[in-house]
Amino acid sequence: MAVSDTSVSDRHSPRLRVEEALSAMLKTSKPGDQLPPEPVLAKRLGVSRSTLREGLRMFAERGDLVRRHGVGTFVTLPSPTLESGLEVLESVDSLARRMGLVTELADLEVVQRPATPEEQRELLLPADETAQVWAITRVITVMGRPVAHLLDVVPLVYLCREELSDAFQGSVLDLILQRGTPVLLNSRTEMMAESADAALAAHLKVQKGTALLKLVAQLYSCDERVVSYSISYFVPGYFKFHIVRRVSTH
């Protein structure tokens, strides 16, 4: 697994120290447990109260903590964990629905634009500045918490604007499967970890520099055409992926 470079100063910055400490505290806490008072916790972590409050705010926005003015900060119910085998191609929406959870769509942006040189390569398109694609970005939330940021880049031939209207539920994969054409074959996917930049951190309500799980995939049709090139970021703690591997006979 490749991990993007992060400077030593970033790894030991006060804000990341707060995030790591709060994550560790949540793992050993029960719903309803109260965190130590802010002055005590800030001193224990060696950070300013303003830095601590920013970390508490981010965890509260994710739904892991609830802050009651004049009372304190409390642990909420555990976050839902979406578990799937990577050998099975399944949308976040389908995975959540199978687990009895409801997903919602946020920050949807659908843009028709020329494909970048990288997108031309990944989509197996001719190097042509006139090649047009749909760029579909969105955030998926579960129980109001952002869990994934998705980008699909799709040649115009595979989707029409009407399909990307208000009725779009957030999954290009599900849309094509329900339509039945083109017939899909498989997805070739790379998995890595990457630190959240400022834009991703804002979308996913995490600290800048948080390690996200990144999947980069090409979705192939049965005639070996690339239907979609996607880049997906998943928030740690909400997803658990596993892989079934065969034992080598050599």
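So, here's what we can say about the structure. (Residues numbered from 1 in each chain as written. Predicted model: local features only at pLDDT ≥ 70, side-chain atom pairs only at ≥ 80, totals over all residues. Heavy atoms only, no water.)

**As for the overall build of the chain**
Put simply, the rule is: The numbering of helices and of strands both runs from the N terminus, where a helix is a DSSP run of H or I of at least 4 residues and a strand a run of E of at least 2. Using a 1.4 Å probe on the protein chains alone, a residue whose accessible area is under 20% of its type maximum counts as buried, one over 50% counts as exposed, and one in between counts as partly exposed. Working rule for contacts: check all heavy atoms of both residues, and any pair within 4.5 Å makes them a contact. In this description, accessible areas are obtained by the Shrake-Rupley approach with a 1.4 Å probe, and a residue is regarded as covered only by the protein chains that are shown.
In terms of regular secondary structure, the chain is built from 8 helices and 10 strands. Expressed as a percentage of the 250 residues in the chain, the buried residues total 42%. Across the chain, contacts joining residues at least 24 apart in sequence account for 59% of those joining residues at least 6 apart. Summed over all atoms, the accessible surface of the chain reaches about 14,100 Å², with 55% contributed by carbon and sulfur.

**Description of the pattern of salt bridges**
Note the following rule: Any Lys or Arg side-chain nitrogen found within 4 Å of a carboxyl oxygen on Asp or Glu counts as a salt bridge.
Evaluation of the coordinates by the stated rule reveals 11 salt bridges. Two residues, Arg49 and Glu38, come together in a salt bridge whose shortest N-O distance is 3.6 Å. With Arg49 in helix 4 (residues 49-61) and Glu38 in helix 3 (residues 38-45), this residue pair connects regions lying 11 residues apart in the sequence. Under the relative-accessibility criterion, Arg49 is labelled partly exposed at 38%. The structure contains a network of salt bridges with shared partners spanning Glu38, Arg49, Arg53 and Arg67.

**Concerning the sheet that holds strand 9 (residues 226-234)**
Condition: Two strands make a pair as long as DSSP finds a minimum of two bridges between them. Each axis is a line fitted through C-alpha atoms, taken for helices only over the stretch in contact, and angles between the N-to-C directions span 0 to 180 degrees.
Strand order across the open sheet formed by 6 strands is 4-5-6-9-8-7, with antiparallel pairing between neighbours. Of all the strands in the sheet, the pair left with one neighbour each is strand 4 (103-114) and strand 7 (184-195). Each neighbouring strand pair of the sheet contributes to a mean axis angle of 15°, computed without reference to strand direction. Bridge count for strand 8 (residues 211-221) against strand 9 is 8 bridges, and the pairing is antiparallel. Residue pairing for strand 9: Tyr220 is matched across the bridge by Val226. The strands touched by helix 7 (residues 172-179) within the sheet are strand 5 (132-142), strand 6 (145-155), strand 7, strand 8 and strand 9, with strand 7 carrying the most contacts at an inclination of about 175°.

**Re the side chain of Ser221**
Selection rule: Residues adjacent in sequence count toward polar contacts only when both atoms are side-chain atoms; beyond that, a polar contact is any pair of N or O atoms within 3.5 Å, and within protein one must be able to donate a hydrogen and the other to accept it.
Locating Ser221 in the fold gives a position in strand 8. In terms of polar contacts, Ser221 uses its side chain to reach the side chain of Asp223, at 2.2 Å. Apart from the residues within four sequence positions on either side, Ser221 is in contact with Pro182, Val183, Leu184, Leu185 and Val227.

**What about helix 4?**
Definition in use: Multiplying 1.5 Å by the helix residue count minus one yields the expected span of that helix. By definition, the arc is the one covered by directions from the helix axis to the C-beta atoms.
The terminal C-alpha atoms of helix 4, which comprises 13 residues, lie 18 Å apart, in line with the 18 Å expected from a rise of 1.5 Å per residue. Buried within helix 4 are the following residues: Leu52, Gly55, Leu56, Met58 and Phe59. Projection of helix 4 onto a plane perpendicular to its axis shows the buried side chains occupying an angular sector of 160°, all on one side. On the buried face of helix 4, the contacting elements are helix 2 (14-27), helix 3, strand 1 (65-68) and strand 2 (72-75).

**As for the packing of helix 3 against helix 4**
Quick note on the threshold: To sort the angles, those under 35 degrees are grouped as roughly parallel, those over 145 as roughly antiparallel, those from 65 to 115 as roughly perpendicular, and the leftovers as oblique. Lys, Arg, Asp and Glu make up the charged group, whereas Ala, Val, Leu, Ile, Met, Phe, Trp, Tyr, Cys and Pro make up the nonpolar group; the residues left over, Gly among them, are polar.
With their axes 9 Å apart at the nearest point, helix 3 and helix 4 run at an angle of 105° to one another. Between helix 3 and helix 4, the angle falls in the class roughly perpendicular. Contacts between helix 3 and helix 4 involve Glu38, Pro39, Leu41, Ala42 and Leu45 on the former and, on the latter, Arg49, Leu52, Arg53 and Leu56. Taken together, the residues of the contact of helix 3 with helix 4 break down into 6 nonpolar, no polar and 3 charged.

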